[in-house]
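# Structural features, examined
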Amino acid sequence: IGGLPMFMGSYFFHFVYKYFGMPSPLAPLPSFYTMWKVFVLTKLGSTLIFDLTHRALHSRKLYAPIHKQHHLFVGTMSISAEFAHPIEGAGPILVPLMLGMHPLQWCVFLWWEQTNSAIGHSGYCFRVFRGKWAKIFGLGFNSDDSAYHHAHHYKNRGNFSQPLMDALFGTHDEWLYYG
């Protein structure tokens, strides 16, 4: 996702967030239901944006100037998640802007995204959360995340995002075949 660019971008876009309706950090938190709804919508929206941009970054015109630095790590390790172009962190920055997420909730969301990204690039098998549906939507930590994304770095094709998105676009057939 590009953690440092994501956090720096958020700092510089603070006034834009405010213009589009993100509340002040001192504003009271919304209800639990509202926070959960916004969190899930933000996760789904940022996953869609990440998936589409990641696919575009694998095109011939964009791969070398933008995305190739991330793929210099053929064997995935957590630091490779951060070794990315700033544009790759657009989803987690733009989607909360559109939904008016509370800044405290947004910090929790960024932590969630960074943790998922680090685990997905770690090369280790963690069995922290194994819910099947949560894993499909990218809402849980699972040992398959690392193997799934490692296959993307190793082959440099397919497995662009979460399993649900790759199933919708038909880009994880090789993963299903060789699994």
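Here's a quick rundown of the structure. For clarity, every value in this text was computed on a predicted model and none was experimentally measured.

## What to know about the nonpolar core
Tyr17, Met22, Val38, Phe39, Ile93, Leu97, Met101, Trp106, Phe109, Leu110 and Trp112 together form the largest nonpolar core, which totals 11 residues. Considering every element that reaches this core, the biggest residue donor is helix H7 (residues 103-120), with four residues.

## Overview of the side chain of His67
Within the element layout of this structure, His67 appears in helix H4 (residues 60-67). Looking at His67, its side chain comes within polar contact range of the side chain of His58, at 3.3 Å. Apart from the residues within four sequence positions on either side, His67 is in contact with His54, Leu57, His58, Leu62 and Glu88.

## Examining the pattern of salt bridges
Opposite charge on two side chains permits pairing when their charged atoms draw close. For the structure shown, the criterion picks out three salt bridges. Here Lys43 ties to Glu113 by a salt bridge, and the two come within 2.8 Å at their closest N and O atoms. One end of the pair, Lys43, is in helix H3 (residues 32-57); the other, Glu113, is in helix H7, and 70 residues separate them in sequence. As far as the burial class goes, Lys43 and Glu113 line up, both buried. Asp166 is paired through a salt bridge with Arg55; the nearest N and O atoms lie 3.3 Å apart. A residue pair is termed long-range when its members are at least 10 positions apart, and Asp166 in helix H10 (residues 163-169) and Arg55 in helix H3 qualify at 111 residues. Through salt bridges with shared partners, a single ionic network connects Asp51, Arg55 and Asp166.

About the thresholds
Residues numbered from 1 in each chain as written. Predicted model: local features only at pLDDT ≥ 70, side-chain atom pairs only at ≥ 80, totals over all residues. Heavy atoms only, no water. Core = buried A, V, L, I, M, F, W, Y, C linked by side-chain atoms within 4.5 Å. Buried < 20%, exposed > 50% of the residue type's maximum accessible area, 1.4 Å probe, protein only. Helix = DSSP H or I, 4+ residues; strand = E, 2+ residues; numbered from the N terminus. Polar contact = N/O pair within 3.5 Å; in protein donor to acceptor, adjacent residues only side chain to side chain. Contact = heavy atoms within 4.5 Å. Salt bridge = Lys/Arg side-chain N within 4 Å of Asp/Glu carboxyl O.

It is worth stressing that arrangement in space is one thing and function is another; only the former is reported here.
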